[in-house]
Amino acid sequence: MPSLNGAVVLVTGANGGIGTQFVHQALARGAAKVYATARTPRAWDDERIVPLTLDVTDGTSIDAAVVAAPDVTVLVNNAGANPPSASLLEVTEADIRANMEINFFAPVFLARAFAPILAAAPGAVLVDVHSVASWLGFGGVYSAAKAALWSATTSLRLELAPKGVHVTGVHMGYVETRMAAHADGPKMAPADLVTKVYDAVEAGQYEVIGDELTAQVKAALSGPVEALYPELQGAGAPLVVVEE
């Protein structure tokens, strides 16, 4: 089974609430080093944490990160962003392209860039952070990007498994972060989500279902479309759920 003990972890979006937990909990589980990446890295009070500048939407920046972090054994694709509107009809073309860049192309290109490094490391792991929005179209382009990433993660899992790299996908509802500050309803604590993720990684699991809402939505995918979206029948208000 994969292990965080002695691992060298790279976390994208490390400055955020979930990213910070990925950094700290990796060290708590015995990681030897964590590259904490962000467009503007912050200082960390731990010599085991290496701040690293990374713009996940820029190929040159990704290439530089590969050179700066050639010893990575665990890649956590955590960085993401919300579009200014959930409407595919109202959001601008530029916003659609920008959201696909950060929520789909960025994690795919990072996985491709680090794949040779991961394949050379025994017990290597790729973690892709999705959302319940992968399975629920309430978020417009955000949902589309997360659905595309879910599909790409499956393809990466199949390609990387023969190379000895374990791939875990993460799905969850609202988490108590700045991204979800506008949302009402229950929210997971970032620490609880990351604990579930690392538990799943070390148990060799391929998928994390973070909360009951996400479990219900996944189960509903096998049913008729109108059961998941009752508003299509005029049977009630749209189901308002989550994003990371």
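As shown above, the structure is provided for reference.
Computed from a prediction, not measured in an experiment: that's the story for all the values here.

**Student:** Outline the packing of helix H3 (residues 93-119) against helix H4 (residues 141-160), supporting the account with residue identities and numerical values.
**Tutor:** At their nearest, the axes of H3 and H4 sit 8 Å apart, and the two run at 15° to each other. The pairing of H3 with H4 is recorded here as roughly parallel in orientation. With respect to the hand of their crossing, H3 and H4 are arranged in right-handed fashion. Seen from H3, the contacting residues are Ile96, Asn99, Met100, Asn103, Phe104, Pro107, Val108, Ala111 and Ala115; seen from H4, they are Val141, Tyr142, Ala145, Lys146, Ala148, Leu149, Ala152, Leu156 and Leu160. Classifying every residue of the contact of H3 with H4 by side-chain character gives 15 nonpolar, two polar and one charged.

**Student:** Talk me through the environment of Asp46; I want residue IDs and the actual numbers.
**Tutor:** Relative to the helices and strands, Asp46 is located in the loop between strand E2 (33-38) and strand E3 (49-53). With relative accessibility at 21%, the residue Asp46 sits in the partly exposed group. For the pair Asp46 and Lys33, spaced 13 residues apart in the sequence, the C-alpha separation amounts to 9.9 Å.

**Student:** Run through the sheet that holds E3, naming residues and quoting values.
**Tutor:** Read from one edge to the other, the open sheet built from seven strands follows the order E3-E2-E1-E4-E5-E6-E7, with strand pairing classed as parallel. On the outer flanks of this sheet lie E3 and strand E7 (207-209), each paired with one strand and no other. The sheet shows a mean angle of 15° between the axes of neighbouring strands, direction not considered. The pairing of strand E6 (residues 166-171) with E7 spans three bridges and is parallel. Bridge pairing in E7 links Val170 to Val208. Across the face of the sheet, H4 comes into contact with strand E5 (125-129), E6 and E7 while running at roughly 160° to E6.

**Student:** Let's hear about the pattern of salt bridges: which residues, and what values?
**Tutor:** A full pass over the atoms with the stated rule returns seven salt bridges. With a closest N to O distance of 3.1 Å, Arg97 and Glu93 form a salt bridge. Here Arg97 and its partner Glu93 are both found in helix H3, four residues apart, which amounts to about one turn of the helix. For Arg97, a relative accessible area of 55% gives the class exposed. In this structure, the salt-bridge partner of Glu207 is Lys218, at a minimum N-O distance of 2.4 Å. Taken together, the positions of Glu207 in strand E7 and Lys218 in helix H6 (residues 212-220) put the pair eleven residues apart, joining distant regions of the chain. For Glu207, a relative accessible area of 26% puts it in the partly exposed group.

Definitions and cut-offs
For every chain, the first residue of the written sequence is number 1, and numbering continues from 1 onward in sequence order. For this predicted model, a pLDDT threshold of at least 70 governs which residues receive local features, and a threshold of 80 or more governs which side-chain atom pairs are given and counted, while totals over whole chains, interfaces and linings are taken from all residues. Side-chain measures were taken over the full set of non-hydrogen atoms in the model, leaving aside hydrogen atoms and water. For helices, the fitted axis covers only the stretch in contact; all axes are lines through C-alpha atoms, and the angles between them, taken along N-to-C directions, range from 0 to 180 degrees. Secondary structure elements follow DSSP: runs of H or I of four or more residues count as helices, runs of E of two or more count as strands, with numbering from the N terminus. The labels follow the angle: roughly parallel below 35 degrees, roughly antiparallel above 145, roughly perpendicular from 65 to 115, and oblique for the rest. Handedness of a crossing follows from how the near helix is turned relative to the far one, being left-handed for an anticlockwise turn of less than a right angle and right-handed for a clockwise one. Residues are treated as being in contact if the distance between any of their heavy atoms lies within 4.5 Å. Side-chain classes follow a simple rule in which Ala, Val, Leu, Ile, Met, Phe, Trp, Tyr, Cys and Pro form the nonpolar group, Asp, Glu, Lys and Arg form the charged group, and the remainder, Gly included, forms the polar group. When accessible area is computed with a 1.4 Å probe and restricted to protein chains, residues below 20% of their type maximum are described as buried, those above 50% as exposed, and intermediate ones as partly exposed. Pairing between two strands requires that DSSP report at least two bridges joining them. What makes a salt bridge here is a side-chain nitrogen of Lys or Arg within 4 Å of a carboxyl oxygen of Asp or Glu, nothing more.

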